[in-house]
Amino acid sequence: RSNLPALSPDQVELAKMLVETGQSRVFEHWADPGVDDDRKKAFLEQVARLDTSYPGGLASYIKTARELLADSKAGKNPFDGFTPSVPSGEVLTFGDDNFINFEETGVKEARKAAFVLVAGGLGERLGYNGIKVALPAETTSGTCYLQHYIESVLALQEASCRLAEDGSGTQIPFVIMTSDDTHARTLHLLESNGYFGMQPSQVKLLKQEKVACLEDNDARLALDPSDKYKIQTKPHGHGDVHALLYSSGLLNMWHDAGMKWVLFFQDTNGLLFKAIPAALGVSAIRQFHVNSLAVPRKAKEAIGGIAKLTHADGRTMVINVEYNQLDPLLRATGYLNGDVNDETGFSPFPGNINQLILGLGPYIEELKKTGGAIKEFVNPKYKDASKTSFKSSTRLECMMQDYPKTLSPTAAVGFTVMDTWLAYAPVKNNPEDAAKVPKGNPYHSATSGEMAIYRANSLILRKAGAHVDDPVTQVFNGQEVEVWPRIVWKPKWGLTFSEVRRKVGSSCSVSQKSTLLLNGRDIFIEDLSLDGALIINAGEDAEGNSLILRKVTVKGRVENKGWILESVDYKDASVPEEIRIRGFRINKVEHLEKAYDKPGKSRLEA
Ligand code: UGB
């Protein structure tokens, strides 16, 4: 105590709390009174921040940490007593009547939805120096993820308001969870690009705080090795999003404004919004309180499986079980062969892609009870089998998909399975690691993430009746990928399958070497035969406010040398990082570009 500078009553309470929770060691090395007072104050300010940003405060964090560390030391299985079974959900087939019906309902519902992007992670596995949402989703248009997400939400907003029976307009709220690692750069990206056309008031950034690191099984706080007046901190995980939303007051505001849904999604999935309308339709029609988007999953594939867990005492929950836990759990509960494919060729447990749709009303009711706290876990790296000391400090973590763990068994928790080609192509792995992925498994790299967009758009056009050439196989950064024609459109051009089908004639054809870039909403492709690169710009007016209708009909044969993919090596530092992590760049040899900036109808006859 004699070492402490003059303290406020709150700071005295915090210091006491630290002593009472067995943390006196953090004061042991403090300099004599009058020395380092500013640093001591900064330390206590940090403790105050750690205290207020955690539901239940720092004392509660330390208590939970002790319990979880003891469980981990004892090797306790978190699923002890639970038996898994396959839950009930909706399995969709792209483009059939059922799918179209769900999409229509989803678009109608979208004006009652808020979107939440979790983007606090730096993506260590990708090793990219910038923030991931600034990466181009594809390099044909160069649109970055954040722009693509915002334009998708705006397209949904416009389409949904058009369908509103009362004709009322709305602004779909868009929240981005950031962290100290990503906040300033995310804000800068938005501000320097006019929020990509969204009203700045529509966008809210919520910054998550890191949590205290722990140095031993007694949950003693770890000091920063380079500053003894600072507690070492690490990210707590994407599960923070629930507590942050709750404490921000946004949920009640949305509820009062008549909103019904909250959609959560991750930072780098260029396909997601192709799946959103139908999945939202499933939530609305099946009245799901929780709807997880999922893809067919090969047994033992390295993504979590969605399972229904029934406890011996009668408790049940539908939850993501991480892949390394699912197989042992199945084996321990009577499934002798563990996680195996069924007659469909896939595991009966669908793969979690961590895009969640929650019903707002039940979500608020649940958070009133929990404050948004999510069941945590701890993953210490022990020095040896005695499990008495750690190789480096650890911390508690939580995942947003663990939200259903506290729900009552009567809650309607379901899932929606869509084809992987339509719904899921994240960018998580650096080129070197991606090249080591066993053949047949997804690379989840910048290369595969971009190629997946071309493939999805090509397959959608095919389904709409166009002839699109087969892909060729090429190797970039050591990864063998299918290269389809580079077909890219703005979200407002083809938000749903019906929309695409309405705009594409049945006698269109696109050759494999082609690039087709559609920048605008009302572009109709009739009888186009494309063998080269064609860019159509038919946007709104320069201010982007009022919609000037331009109907452009494209017809005839377009033939030119086109845009060619050229290999680059990811180690070639002379090439910008966002390009070299893909292993190719686009050489724009020759193209036809048409811009339509006058109101009314136009025709391009080649
Ligand atoms: N994120 C945050 O916003 N804050 C954090 O503290 C951490 C992350 P990763 P992860 O798609 O295949 C998830 O690192 O956590 C954001 C699911 O848990 O890309 O290893 C971050 O910015 C897993 O079940 O993924 O695994 C990013 O947007 C599976 O679905 C998002 O959280 C897996 O994703 C995910 O972070 C997957």
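In this text the structure is predicted, and so the values were computed from the model without any measurement.

Undergrad: Any details on the overall build of the protein? Residues and values, ideally.
TA: Helix and strand counts for the protein stand at 17 helices and 32 strands. The C-alpha radius of gyration of the protein comes to 26 Å, within 12% of the 25 Å expected for a compact globule of 606 residues. For the C-alpha atoms alone, the extent of the protein along its principal axes is close to 85 × 60 × 55 Å. At a minimum sequence separation of 6, the contacts of the protein that also span at least 24 residues come to 74%. Across the protein, the 71 positively charged side chains and the 76 negatively charged ones have centroids separated by 1 Å.

Undergrad: Outline the pattern of salt bridges, supporting the account with residue identities and numerical values.
TA: Summed over the entire model, instances satisfying the criterion amount to 36 salt bridges. Between R39 and D36 there is a salt bridge, and its shortest N-O distance comes to 3.8 Å. A relative accessible area of 24% means that D36 is categorised as partly exposed. A salt bridge links D37 to K40; its shortest N-O distance comes to 3.8 Å. Taken together, the residues span about one helical turn, with D37 and K40 both in helix α3 (residues 37–52) at a distance of 3 residues. With a relative accessible area of 25%, D37 lands in the partly exposed category. Where salt bridges share partners, they join R25, E215, D216, D218 and R220 into one cluster.

Undergrad: Outline the packing of helix α1 (residues 9–20) against α3, supporting the account with residue identities and numerical values.
TA: Between α1 and α3, whose axes approach to 10 Å, the crossing angle comes to 80°. Accordingly, the angle class assigned to the pair α1 and α3 is roughly perpendicular. Residues Q11, L14, M17 and L18 of α1 touch α3, and the partners they reach there are K41, F43, L44, E45, V47, A48 and D51. A per-class count over the contact of α1 with α3 returns 7 nonpolar, 1 polar and 3 charged.

Undergrad: Quick one: what's the story with the pairing of strand β23 (residues 486–489), residue by residue and with numbers?
TA: Here β23 shows no split at all, with R486 and V488 on one side and I487 and W489 on the other all buried. Bridge count for β23 against strand β25 (residues 515–520) is 4 bridges, and the pairing is parallel. Across the sheet, residue R486 finds its bridge partner in β25, namely T515.

Undergrad: A description of the packing of helix α6 (residues 145–163) against helix α10 (residues 272–286) should follow, citing residues and the corresponding values.
TA: Here α6 crosses α10 at 30°, and the two axes come no closer than 10 Å. The pairing of α6 with α10 is recorded here as roughly parallel in orientation. α10 is crossed by α6, and the crossing has right-handed handedness. Every residue of α10 that contacts α6 at Y149, S152, V153 and L156 is listed here: F273, I276 and P277.

Undergrad: So, the environment of F524: which residues are in play, and what are the values?
TA: For F524, the position within the fold is in strand β26 (residues 523–531). Its relative accessible area of 12% is what places F524 among the buried residues. C-alpha of F524 to C-alpha of K555: the two residues are 31 residues apart in sequence and 8.8 Å apart in space. The contact partners of F524, leaving out residues within four places of it in the chain, are R502, K503, K551, V552, T553 and V554.

Undergrad: Quick rundown of the site of the ligand? Include the residues and the values.
TA: The full set close to the ligand counts 22 residues, and V118, G120, Q208, Y424 and K428 are the nearest of them. Note that an oxygen atom of the ligand is positioned 3.0 Å from one of the side-chain N or O atoms of Q266. Interatomic distance of 3.2 Å between a side-chain N/O atom of N352 and an oxygen atom of the ligand. Across the complex, the protein chains shield 83% of the 710 Å² of accessible surface that the ligand would expose by itself. Looking at the shell around the ligand, the element that brings in the most residues is strand β15 (residues 351–359), giving 3 residues. Considering only residue class, the shell around the ligand consists of 8 nonpolar, 10 polar and 4 charged.

Calculation criteria
Residues numbered from 1 in each chain as written. Predicted model: local features only at pLDDT ≥ 70, side-chain atom pairs only at ≥ 80, totals over all residues. Heavy atoms only, no water. Helix = DSSP H or I, 4+ residues; strand = E, 2+ residues; numbered from the N terminus. Rg over C-alpha atoms; globule rule 2.2 N^0.38 Å. Contact = heavy atoms within 4.5 Å. Lys, Arg positive; Asp, Glu negative; His and termini not counted. Charge placed at Lys NZ, Arg CZ, Asp CG, Glu CD. Salt bridge = Lys/Arg side-chain N within 4 Å of Asp/Glu carboxyl O. Buried < 20%, exposed > 50% of the residue type's maximum accessible area, 1.4 Å probe, protein only. Axes fitted to C-alpha atoms, helices over the stretch in contact; angles between N-to-C directions. Parallel < 35°, antiparallel > 145°, perpendicular 65-115°, else oblique. Nonpolar A, V, L, I, M, F, W, Y, C, P; charged D, E, K, R; others polar. Pairing = 2+ DSSP bridges. Left-handed = near helix turned anticlockwise from the far one by under 90°. Near = heavy atom within 4 Å. Polar contact = N/O pair within 3.5 Å; in protein donor to acceptor, adjacent residues only side chain to side chain. Areas by Shrake-Rupley, 256 points an atom, 1.4 Å probe, with all protein chains shown as cover.

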